[in-house]
Amino acid sequence: MAPPEMLSSGEQDRGAPHVVFIPSAGMGHLFPFFRFITALSSHDVDISVVTVLPTVTTAEADHFAALFTALPRIRRINFNLLPLDASAFPGADPFFLRWESLRRSAHLLGPLLAGATPSMSAVITDVTLASQVIPIVKDELHLSCHILFPSSTTMLSVCAYFPTYLDGANADHVVSDVDVPGVRRFTKATLPQALHDPNNLFTKQFVANGRGFTKADGFLLNTFEALEPEAIAALRGGKVIPCFPPVFTVGPLKSMIPAESEKAGAGSPMAWLDEQPARSVVYVAFGNRCAVTLDQIREIAAGLEASSFRFLWVLKTTVVDREDTVELKDVLGDGFLERTQGRGLVTKAWVDQEAVLNHPAVGLFLSHSGWNSVLEAAVGGVPLLAWPRLGDHHVNATAMVSGGVGVWMEHWSWDGEDRLVSGEEIGEKLKEVMADETVRARVAKVREEAAKAVDEGGSTYRSMQEFVAKLKAN
Ligand code: UDP
Ligand code: G50
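Predicted, not measured: the structure shown is a model, and the values here were computed from it.

Rules of the game
- Residues numbered from 1 in each chain as written.
- Chains lettered and ligands numbered in written order.
- Predicted model: local features only at pLDDT ≥ 70, side-chain atom pairs only at ≥ 80, totals over all residues.
- Heavy atoms only, no water.
- Near = heavy atom within 4 Å.
- Polar contact = N/O pair within 3.5 Å; in protein donor to acceptor, adjacent residues only side chain to side chain.
- Helix = DSSP H or I, 4+ residues; strand = E, 2+ residues; numbered from the N terminus.
- Nonpolar A, V, L, I, M, F, W, Y, C, P; charged D, E, K, R; others polar.
- Domains from an automatic or database assignment.
- Pairing = 2+ DSSP bridges.
- Axes fitted to C-alpha atoms, helices over the stretch in contact; angles between N-to-C directions.
- Contact = heavy atoms within 4.5 Å.
- Core = buried A, V, L, I, M, F, W, Y, C linked by side-chain atoms within 4.5 Å.
- Buried < 20%, exposed > 50% of the residue type's maximum accessible area, 1.4 Å probe, protein only.
- Areas by Shrake-Rupley, 256 points an atom, 1.4 Å probe, with all protein chains shown as cover.

K.L.:
Before we go on, may I ask you to explain the site of ligand 2 in this structure?
P.N.:
Neighbouring residues of ligand 2: 17 residues in total, closest H29, F202, N209, R289 and D392. Measuring from an oxygen atom of ligand 2, one finds a side-chain N or O atom of H29 at 2.7 Å. Listed by contribution, the elements that provide at least two residues to the shell around ligand 2 are α3 (94-105), α6 (153-169) and α7 (201-212). Classifying every residue of the shell around ligand 2 by side-chain character gives 9 nonpolar, 6 polar and 2 charged. Counting contributing residues per domain, the shell around ligand 2 is built from domain 1 (18-256 + 456-473) and domain 2 (269-451), each supplying no fewer than three.

Below is the structure:
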């Protein structure tokens, strides 16, 4: 096996620990990696990142490029995946397929990483690869292995407990409500839909990963003490499952490097926001991988129009960005763009959401409650109106509400449900939440707590120091 390809080496600090990151796929999984890598790079640590090309989406490729340009000392280790016969998984989500490919190629990581120079001291991998990567790192390479978990700690508690739940449930593995000890009871409808089917590809990965958790050396979590105190305490106290590894709360993770496509120029959403009054704009975005149906998109449009608010809407019609070729005017229907010109901006392009949520003009965020989005709303102090679409979004929404970031429309439909939420209802709800001073005051407090956590001496600051000390002691 050839040694890893070192695309950028640069000066190295002798004796600094060499940490290898093994990220997975999907921007919601990559962003926490990029942000944590950036944070760790200021701590006298040598860093390599295992990179698979081509990526599933253009956004992923752009952001990998931005990372390596901004931090030239970071090495890239190219990883070639074994081919996967996608026809064996008809209809599977493209990201689940990529995770499966990574999992099935994981045994190639041993020889690839064994040849790295300087020799490595620790591996940090994504949760989607946990059960495959941990044995290789620990048993073959004899290194420490930490898991970076990209979703809520509340979701981590579900993932950790789910195998125990299944073993105790019934022989048929029929899933019903799941009561996670020390955290809360999740109704069947709140769990990721895939988990209702034990044979689903996602479920198999999820259960295998959950079973592998106790062998990890620790978990890095994009949260902070004040946001999810119960879930953090339950995991630390061994309530969810006995002997859960140490957890380091390192959130809110923040970007320090904009991608080329995010630079704010004339005509950009950021320039448009600069011209809007304080807290006047509703920001609408459902992450990278939610394809809202055409009918529902039209109802959202009607709701925005009826609310009379200004709005910035990042609209995606496909799961994978490079397949999104439709014209906005065709999606939105006759006259919408003309009628709302000046008052609203709709874009299919990538926007720097973190910057948007820190802009004073933004007063409300209509979101799917992807975990990165929740953290970004908390940092910006923008109330979030959660409309979960799929996967972990409902579980995140429960954490987001109890953490004080916003409100959740529990009866609004999931993706795949044949039930439209009317424009009238959306418009009314936007007006209600925009006027809700209690919600705004709570998220303002969460924003303060988030800032305190990362400040010197705060809980996140201390967790990061502890983790770096652990790396250096290895
Ligand atoms: N994002 C962005 N610009 C876009 C779309 C998404 O910056 O045009 C970022 C967003 O800020 C968040 C991440 O992509 O950091 C999406 O992760 P999240 O967990 O919110 O949702 P997912 O896409 O995984 O469903
Ligand atoms: C994507 C998704 C559904 C879903 C999640 C997604 C998560 C994140 C954590 O990221 O819950 C997680 C993912 C995979 C895994 C274990 C944990 O094997 O569409 O629930």
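K.L.:
Sorry if this is basic, but what is going on with the sheet that holds strand β13 (residues 362-367) here?
P.N.:
Consider a sheet: its strands pair through backbone hydrogen bonds, and that pairing is either parallel or antiparallel. A sheet is described by the order of its strands in space; here 6 strands give the open sequence β12-β11-β10-β13-β14-β15, paired in parallel fashion. This sheet does not close on itself; its edge strands, each paired only once, are β12 (344-347) and β15 (406-408). In this sheet, neighbouring strand axes are inclined to one another by 15 degrees on average, regardless of whether the strands run parallel or antiparallel. Pairing geometry for β13 and strand β14 (residues 384-386), over 3 bridges, is parallel. When the sheet's bridge partners are listed, S367 is paired in β14 with A386. Of the strands in this sheet, β10 (281-285) and β11 (310-314) are in contact with helix α10 (residues 294-307), which crosses β11 at around 160 degrees.

K.L.:
Where do I start with the environment of V433 in this structure?
P.N.:
Relative to the helices and strands, V433 resides in helix α16 (residues 423-434). Once you skip the residues sitting within four places of it in the chain, V433 turns out to touch L364, L385 and V407.

K.L.:
What's the story with the nonpolar core in this structure? I'm lost.
P.N.:
Nonpolar side chains in soluble globular proteins generally cluster together in the buried interior. Membership of the largest hydrophobic core comes to 68 residues, with the highest contact counts inside it found for I22, L109, L113, F162, F213, F219 and F244. Among the elements that line this core, the one with the most residues is α6, at 9 residues. When neighbours within four sequence positions are excluded, L109 is seen to be in contact with I22, V50, F79 and V133. Core analysis: the next-biggest nonpolar cluster, separate from the first, contains 33 residues, V281, Y283, A285 and L312 among them.

K.L.:
Sorry, what's going on with the site of ligand 1 here?
P.N.:
Taken together, 17 residues form the shell around ligand 1, and within it N288, V351, N372, S373 and E376 come nearest. S373 has a polar side-chain atom sitting 2.5 Å from an oxygen atom of ligand 1. Protein burial of ligand 1: of its 540 Å² of free accessible surface, 95% is covered by the chains. Those elements that place two or more of their residues in the shell around ligand 1 are α1 (27-40) and α14 (371-380). When the residues that make up the shell around ligand 1 are grouped by side-chain class, the tally is 5 nonpolar, 8 polar and 4 charged. Taken domain by domain, the makeup of the shell around ligand 1 includes at least three residues from each of domain 1 (18-256 + 456-473) and domain 2 (269-451).

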